[in-house]
Structure formats: structure tokens, C-alpha cells
Amino acid sequence: MVWYQNRIELGAMPRGFHLITADILRGIDDLHQLQVGLLHLFIQHTSASLAVNENADPDVRGDLERHFNVMVPENAPHYQHTLEGPDDMPAHIKSVLLGSSLTLPVSEGRLLLGTWQGIYLCEHRDHASGRTIIATLQGE
């Protein structure tokens, strides 16, 4: 069993759901060495999240953004954490709903994503800085 760990730095992205599969693959040099294993991805932020979903039609990403904005609105009267702007508390709630990590299977040096699946960075802030993802590979 071997372990590899990489830090993947993503540049600032606008609010929304962004397909980052290629960025993740570029950031994990040792994937090709595993015959079987797992890739764990963890985002080191509380106002963005990770997800796996549709990788072909960009309308899906837009629909997800619009749905989450209705489901978790800005300026809700019950929010107490408001000092960092109207998008901050909703960003934390969206992050909790979607999650900060993913675990993906690896086989013969490749991620076993389905044909229409991709890895998303879900950016919940209007003006976020870059994001850091820790990628941990384990396997043989």
C-alpha cells in the first residue's frame, strides 16, 4: 500500500459550479502508479464545496446555482453571522449541504468516474480568492 498527497491550488473563480476534473488530474502526479485505490479530495475552505455531477451540459451547473440560491437565500432575517457580507452565511450553509470532501475510486491509473460525471468546485462566494484542495491517494 502506498500513499501520496498533493496540494492543488485553484485560482479565483466566480460564484457558481465549476468543472475542475482536469485541474484535479493535473494536480495528482502519481495517479498512473495505482492499479487499485482511492482518491480523497478535501477543500480547505468553509464557503466552497466539492461535488460530482454532470460533466457535459453546462445548463446543469447553472440550474444548480439557481436552485441553491433559492434554497439558501441571501439576507434571510434569521442570520446572525452577517459581518462578512450577504453571501457569506449562505455560502457556509451551502458548503455544509454539499460537503467539503469526495472519495473516488481509482483503477489501472485512472479515476473511475462515470461517462457523464465530473468533479465540481462549488464556489458559493461572490468574490472568493483562490481555493486549496488536498488530494490524498492511497492504493497499490
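Located above this text is the structure these notes cover.
Reference entry: report on the structure contained in this document.

Rules of the game
- Residues numbered from 1 in each chain as written.
- Predicted model: local features only at pLDDT ≥ 70, side-chain atom pairs only at ≥ 80, totals over all residues.
- Heavy atoms only, no water.
- Helix = DSSP H or I, 4+ residues; strand = E, 2+ residues; numbered from the N terminus.
- Expected span 1.5 Å × (residues − 1).
- Buried < 20%, exposed > 50% of the residue type's maximum accessible area, 1.4 Å probe, protein only.
- Arc of directions from axis to C-beta.
- Contact = heavy atoms within 4.5 Å.
- Polar contact = N/O pair within 3.5 Å; in protein donor to acceptor, adjacent residues only side chain to side chain.
- Core = buried A, V, L, I, M, F, W, Y, C linked by side-chain atoms within 4.5 Å.
- Pairing = 2+ DSSP bridges.

1. Topic: helix α2 (residues 58-71)
Here is step 1 of the chain: For α2, built from 14 residues, the straight-helix expectation of 20 Å at 1.5 Å per residue is met to within 8% by its first-to-last C-alpha distance of 20 Å.
Here is step 2 of the chain: Residues Arg-61, Glu-65 and Phe-68 constitute the buried set of α2. Buried positions in α2, seen along its axis, are confined to an arc of 70 degrees and lie on one side of it.
Here is step 3 of the chain: As for α2, its buried residues are in contact with β2 (16-19), β4 (48-54), α3 (88-98) and β7 (117-123).

2. A closer look at the environment of Arg-15
Here is step 1 of the chain: Residue placement: Arg-15 occurs in the loop between β1 (2-10) and β2.
Here is step 2 of the chain: Along the sequence, Arg-15 and Glu-65 sit 50 residues apart, while their C-alpha atoms lie 8.3 Å from each other.
Here is step 3 of the chain: If we skip the residues at most four places from it in the chain, Arg-15 touches Glu-65, Asn-69, Glu-74, Asp-87, Lys-94, Glu-123, His-124, Arg-125 and Asp-126.
Here is step 4 of the chain: Only 2.7 Å separates the side chain of Arg-15 from the side chain of Asn-69, close enough to count as a polar contact.

3. Concerning the nonpolar core
Here is step 1 of the chain: Counting 22 residues, the largest nonpolar core has Ile-20, Ile-24, Leu-39, Leu-41, Ile-119 and Ile-133 as the members making the most contacts within it.
Here is step 2 of the chain: Going through the elements one at a time, β1, β3 (36-43), β4, β5 (101-107), β7 and β8 (131-139) are the ones with two or more residues in this core.
Here is step 3 of the chain: Core analysis: the next-biggest nonpolar cluster, separate from the first, contains 5 residues, Ala-51, Phe-68, Tyr-120 and Cys-122 among them.

4. Details of the sheet that holds strand β6 (residues 110-111)
Here is step 1 of the chain: Taken together, 5 strands build an open sheet; the order of strands is β1-β8-β3-β5-β6 and the sheet is antiparallel. Of all the strands in the sheet, the pair left with one neighbour each is β1 and β6.
Here is step 2 of the chain: Note that β5 and β6 share 2 bridges and pair antiparallel. Within β6, the position partnered with Val-106 by the bridge is Leu-111.

5. Overview of the side chain of Arg-125
Here is step 1 of the chain: Summarising the element assignment, Arg-125 is placed in the loop between β7 and β8.
Here is step 2 of the chain: A polar atom in the side chain of Arg-125 sits 2.9 Å from the side chain of Asp-87.
Here is step 3 of the chain: With residues near it in sequence (within four places) discarded, Arg-125 still touches Arg-15, Ser-47, Glu-84, Asp-87, Asp-88, Ala-91 and Arg-131.

Read these as layout, nothing more, since geometry by itself doesn't imply function.
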